[in-house]
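Chain and residue survey
Listed below are the residues making up each chain.
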2 protein chains.
Amino acid sequence: MHTALCETLGIEHPIIGFTPSEHVAAAISKAGGLGVLGCVRFNDAGELDHVLDWMDEHTEGRPYGVDVVMPAKVPTEGTQVDLDKLIPEEHKAFVERTLRELGVPELPAEAEQRAGVLGWLHSVARSHVEVALRHPIKLIANALGSPPVDVIEQAHAHGVPVAALAGKAEHARRHVDNGVDFVVAQGYEAGGHTGEIGSMVLLPEIAEAVDAPVLAAGGIGSGRQMAAALALGAAGVWTGSLWLATEEYLQTMPNSVAMQTALVRATSSDTVRTRIYTGKPARLLKTRWTEAWTAPDAPKPLPMPLQNLLVSPAHNRLHEAGDPELVSMPAGQIIGRIDRVRPVAEIMADLLSGYEEALARLEKTR
Amino acid sequence: MHTALCETLGIEHPIIGFTPSEHVAAAISKAGGLGVLGCVRFNDAGELDHVLDWMDEHTEGRPYGVDVVMPAKVPTEGTQVDLDKLIPEEHKAFVERTLRELGVPELPAEAEQRAGVLGWLHSVARSHVEVALRHPIKLIANALGSPPVDVIEQAHAHGVPVAALAGKAEHARRHVDNGVDFVVAQGYEAGGHTGEIGSMVLLPEIAEAVDAPVLAAGGIGSGRQMAAALALGAAGVWTGSLWLATEEYLQTMPNSVAMQTALVRATSSDTVRTRIYTGKPARLLKTRWTEAWTAPDAPKPLPMPLQNLLVSPAHNRLHEAGDPELVSMPAGQIIGRIDRVRPVAEIMADLLSGYEEALARLEKTR
């Protein structure tokens, strides 16, 4: 499996793998794809710098990228203390009550500081970009539309291309007008922030609308789905949920066994698109936590970044609780396909052989 | 474009085209696909018989099929008068008030009888099947899951295979266990009754779950989408919305110019999945009518078949009003691709050449 994107990014296969785990990202790059490290978990740029040093040492010179969360329009900004004041008491009380009703324990004192909350702030995302550009990264992806034009220019000045998410063709056009190099066409099926147009319809719309390589995101978890994505006009695939149930993920976040158990159990019907994670619609694993927010007395989610500030401490408690039914995790419909925790290289090999099989099957229809 | 399904159905290309118009159905069959005539518009079996006689005369001996709406579980049954009593006054008043507020005129007296309401009743759907089996049909499709087992047996006794819609792999398995021959995997993108799983995820799930040919429905409107569907494991495609904006459609329903204008204007964002058409979630063109049902004072849709009985007279008035912003029409996200009204044969030729192009593009990635 080879497209022009492989030359552009210096990779063997046009498979981009997004993950918050440096161990997974490095393994994806070493397997011939492009590992893209999610930065939102890093509260300060120093931490990220340290982890990117590790990436530089563990990727055998293979290309890798980073993913930041940066709205084009600068949202409410400030220190966490300032922002906390903007969160209504009703919301705080609902979260506390829900955690109590779900039987979620308080965090042990040493886990208190783990929260990756500030990565959602514009200023922190900018510091992520600055640090990342001091490393030999091959891609900066923004998990929300175009980053500000000066950030794109800064990346280009370092010879680093920029990718942005689009859920509509008109967004994709705007991104490319802003200087974005690759469009990630994020279909309804996708985990995390996503729109309402399914990949089958969205992908060719975006591929026909822009004169830039398009990466297919949403519903890509097998070789036949990669073949479908390329048939629809994609230059490569953007995968995410697939890499959550990997052995390497546990090396970065050993307390993720419950999350992985939940993914292995889940069917493709066990996700929900909701604003409760960040304030914008995002697809999450459906659990007792997401269900609690659909109760008649549940408050409406707050705008970004307040909703994430509200729920981040709760996410940490839910994560530490170690109960698969209480996980809070962005995940796409493709999780129905995950039936066990595997090494990254094995998943990559399956993707590639499945792709060849799909193409061989298609050839027989001519 | 050729698969084993072509032999099974005696067609040239594995393209099934669903349509309520006999002119469109005949044109699809003559163009090498399988035209499938929707029967729900026929209040009595005699009318259907008459139209199928027309089909027999106008399809040049090419295969065609029919589509009925028959829940596996027999729903509330009765004459229209009996059923009318089950519709709450609040609902009737809301419909009347909404039509008035939208400025929709009363029907001219001669149009009063056109309403295709009773086709949604189980007994009427059964009479459709009986009439259809007296014609040389090559497929009975049920627009809702499995039909009752005795209906499947009746079709098989006439040598006619049965297709059923599935929005989840577990439904597909159940249909095949019931004796259904083909599964129509209906993705989230699709027009009409549809589930929440996108085609990209649903199709391979169903193709891997059942040992029966799978037809891809939802998001299929171009050759590259057909190539994607086959890459995902489909044996052929099931198309619907695509054929609404055809010249032949107007031959059956000349008062559909406003509907066609609405489709040409619409983008892929201009549909909505709602219960207001039949009581079950179905994707419709988004118009001022669908928006009215999202108002805070709008009542909740009634269960099938009451909701359809409630809104059918309104649909006729909306249709006759001739205003693209007031159309009530099931339609999939693929309508974003419709940019003009065309002859069926031209659409078919584009599908086939687009398919070849997509395959040629894929071959270069090996």
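Residues numbered from 1 in each chain as written. Chains lettered and ligands numbered in written order. Predicted model: local features only at pLDDT ≥ 70, side-chain atom pairs only at ≥ 80, totals over all residues. Heavy atoms only, no water.

Chain A carries the name Monooxygenase in an unreviewed UniProt entry, which gives Amycolatopsis bartoniae as its organism.

**Considerations on the overall build of chain A**
Let me state the cut-off plainly: Runs of E in the DSSP output that reach at least two residues are strands. Runs of H or I that reach at least four are helices, and both are numbered from the N terminus. As defined in this context, the radius of gyration uses C-alpha atoms, and a globule is described by 2.2 Å times the residue total to the power 0.38. When a residue's accessible area, from a 1.4 Å probe over protein chains only, is under 20% of the maximum for its type it is buried; when over 50% it is exposed; and in between it is partly exposed. Note on definitions: a residue-residue contact is assigned when non-hydrogen atoms from the two residues lie within 4.5 Å. Method for areas: the Shrake-Rupley scheme with a 1.4 Å probe, in which residue coverage is limited to the protein chains shown. Charge counting follows a simple rule: Lys and Arg are positive, Asp and Glu are negative, and His as well as the terminal groups are ignored. Taken as the charge location is NZ of Lys, CZ of Arg, CG of Asp or CD of Glu.
Assigned secondary structure in chain A consists of 15 helices and 11 strands. Over its C-alpha atoms chain A spans a radius of gyration of 19 Å, differing by no more than 12% from the 21 Å that the globule rule assigns to 366 residues. Projected onto its principal axes, the C-alpha coordinates of chain A cover approximately 60 × 45 × 40 Å. When the 366 residues of chain A are sorted by exposure, 60% land in the buried category. Residue pairs at least 24 apart in sequence account for 67% of intrachain contacts in chain A once pairs closer than 6 positions are excluded. Total accessible area on chain A is roughly 13600 Å²; 51% of this is exposed by carbon and sulfur atoms. Positive and negative side-chain charges in chain A, numbering 31 and 46 respectively, have mean positions lying 6 Å apart.

**Quick notes on the nonpolar core**
Rules: To qualify as a nonpolar core, a set must consist of buried Ala, Val, Leu, Ile, Met, Phe, Trp, Tyr and Cys residues joined through side-chain atoms within 4.5 Å.
In terms of nonpolar packing, the biggest core is built from 117 residues, with Ile206 and Trp243 of chain A together with Ile206 and Trp243 of chain B touching the most fellow members. Apart from residues lying up to four places away in sequence, Ile206 of chain B is in contact with Ala166, Lys168, Ala169, Ala172, Val183, Ala185 and Val214 of chain B.

**Examining the sheet that holds strand β9 (residues 236–239) of chain B**
Residue and element names in this part refer to chain B. Put simply, the rule is: Paired strands are those between which DSSP finds at least two bridges. Lines fitted to C-alpha atoms define the axes here, with helix axes fitted over just the stretch in contact, and angles between the N-to-C directions of these axes take values from 0 to 180 degrees.
If you trace the 8 strands once around the closed barrel, you get β1-β2-β3-β4-β5-β6-β8-β9, paired in parallel fashion. Strand-to-strand twist across the sheet, computed as the mean angle between neighbouring axes with direction ignored, equals 25°. Across 3 bridges, the pairing between strand β8 (residues 214–217) and β9 is parallel. Bridge pairing in β9 links Leu215 to Gly236. In the packing of helix α8 (residues 169–177) onto the sheet, contacts are made with β5 (162–166) and β6 (182–186), and the angle to β5 comes to roughly 160°.

**Concerning the interface of chain B and chain A**
The cut-off we apply is this: We define buried area as the total accessible area lost by two parts upon association, computed with a 1.4 Å probe and summed across both. By convention in these notes, a salt bridge is any Lys or Arg side-chain nitrogen within 4 Å of a carboxyl oxygen on Asp or Glu. Here a polar contact means two N or O atoms within 3.5 Å. Within protein one must be a hydrogen donor candidate and the other an acceptor candidate, and residues neighboring in sequence count only if both atoms are side-chain atoms.
Taken residue by residue, the interface counts 46 residues in chain B and 46 residues in chain A. For the chain B and chain A pair, buried surface summed over both sides reaches about 3600 Å², with 52% attributable to carbon and sulfur atoms. Counting the contacts that link chain B with chain A gives 8 salt bridges. Among the ionic pairs, Glu356 of chain B bridges to Arg366 of chain A, the shortest N-O distance being 3.0 Å. The tally of links from chain B across to chain A stands at 24 residue pairs in polar contact (both at pLDDT 80 or more).

**Details of the packing of helix α15 (residues 344–363) of chain A against helix α15 (residues 344–363) of chain B**
Let me state the cut-off plainly: Relative orientations are named as follows: roughly parallel for angles under 35 degrees, roughly antiparallel for angles over 145 degrees, roughly perpendicular for angles from 65 to 115 degrees, and oblique for any other angle. Note on convention: near helix rotated counterclockwise from far helix by under a right angle means a left-handed crossing. Clockwise means right-handed. Note on residue classes: Ala, Val, Leu, Ile, Met, Phe, Trp, Tyr, Cys and Pro are nonpolar, Asp, Glu, Lys and Arg are charged, and everything else, Gly too, is polar.
Axis separation between α15 of chain A and α15 of chain B bottoms out at 11 Å; the angle between their running directions is 140°. Considered as vectors, α15 of chain A and α15 of chain B are oriented oblique to each other. Judged by the twist between their axes, the crossing of α15 of chain A over α15 of chain B is left-handed. Across the interface between the two elements, Tyr355, Leu359, Leu362 and Glu363 of chain A from α15 of chain A touch Tyr355, Leu359, Leu362 and Glu363 of chain B from α15 of chain B. Broken down by class, the residue content of the contact of α15 of chain A with α15 of chain B amounts to 6 nonpolar, no polar and 2 charged.

**Structural notes on the sheet that holds strand β5 (residues 162–166) of chain A**
Residue and element names in this part refer to chain A. The parallel closed barrel is built from 8 strands, whose spatial order is β1-β2-β3-β4-β5-β6-β8-β9. For this sheet, the mean inter-axis angle between neighbouring strands, taken without regard to orientation, is 25°. Packed onto the sheet, helix α10 (residues 223–231) meets β1 (15–19), β8 (214–217) and β9 (236–239) and runs at close to 130° relative to β9.

**Comments concerning the environment of Val201 of chain B**
Mapped onto the elements of the fold, Val201 of chain B is located in helix α9 (residues 199–209). A sequence separation of 18 residues divides Val201 of chain B from Val183 of chain B, and the C-alpha atoms of the two residues are 15 Å apart. Residue contacts for Val201 of chain B: discarding those within four places in its chain leaves Glu189, Gly219, Gln225, Ser268, Gln333 and Ile334 of chain A.

**Side note on the confidence of the model for chain A**
Which entries qualify depends on this criterion: A residue's pLDDT is the predictor's confidence in that residue, given on a scale from 0 to 100.
On average, chain A scores 94 in pLDDT, and the residues at 70 or more come to 95%. Across the interfaces of the predicted complex, the ipTM metric reaches 0.95, alongside a pTM of 0.95.

**Focus: the relation of the copies chain B and chain A**
Put simply, the rule reads: Here the copies were fitted onto each other by least squares, based on C-alpha atoms from residues at pLDDT of at least 70 in both.
Rotating chain B by 180° about the axis while translating it 0.0 Å along that axis superimposes it on chain A, leaving an RMSD of 0.0 Å. Both copies are brought into coincidence by an operation consistent with a two-fold rotation axis. If distances are taken from each C-alpha of chain B to the rotation axis, the shortest is found for Ala228 of chain B, at 1.9 Å. Most of the interface of chain B is mirrored in chain A, where 100% of its interface residues are also at the interface.

**Details of the packing of helix α6 (residues 122–132) of chain B against helix α7 (residues 149–157) of chain B**
The description of two packed helices rests on the angle between their axes and on the distance between the axes. Residue and element names in this part refer to chain B. In the contact formed by α6 and α7, the axes pass within 10 Å of each other and the chain directions differ by 10°. With respect to their mutual orientation, α6 and α7 come out roughly parallel. From α6, Arg126, Val129 and Glu130 reach across to α7, where they touch Asp150, Val151 and Gln154. Here the contact of α6 with α7 is built from residues that sort into 2 nonpolar, 1 polar and 3 charged.

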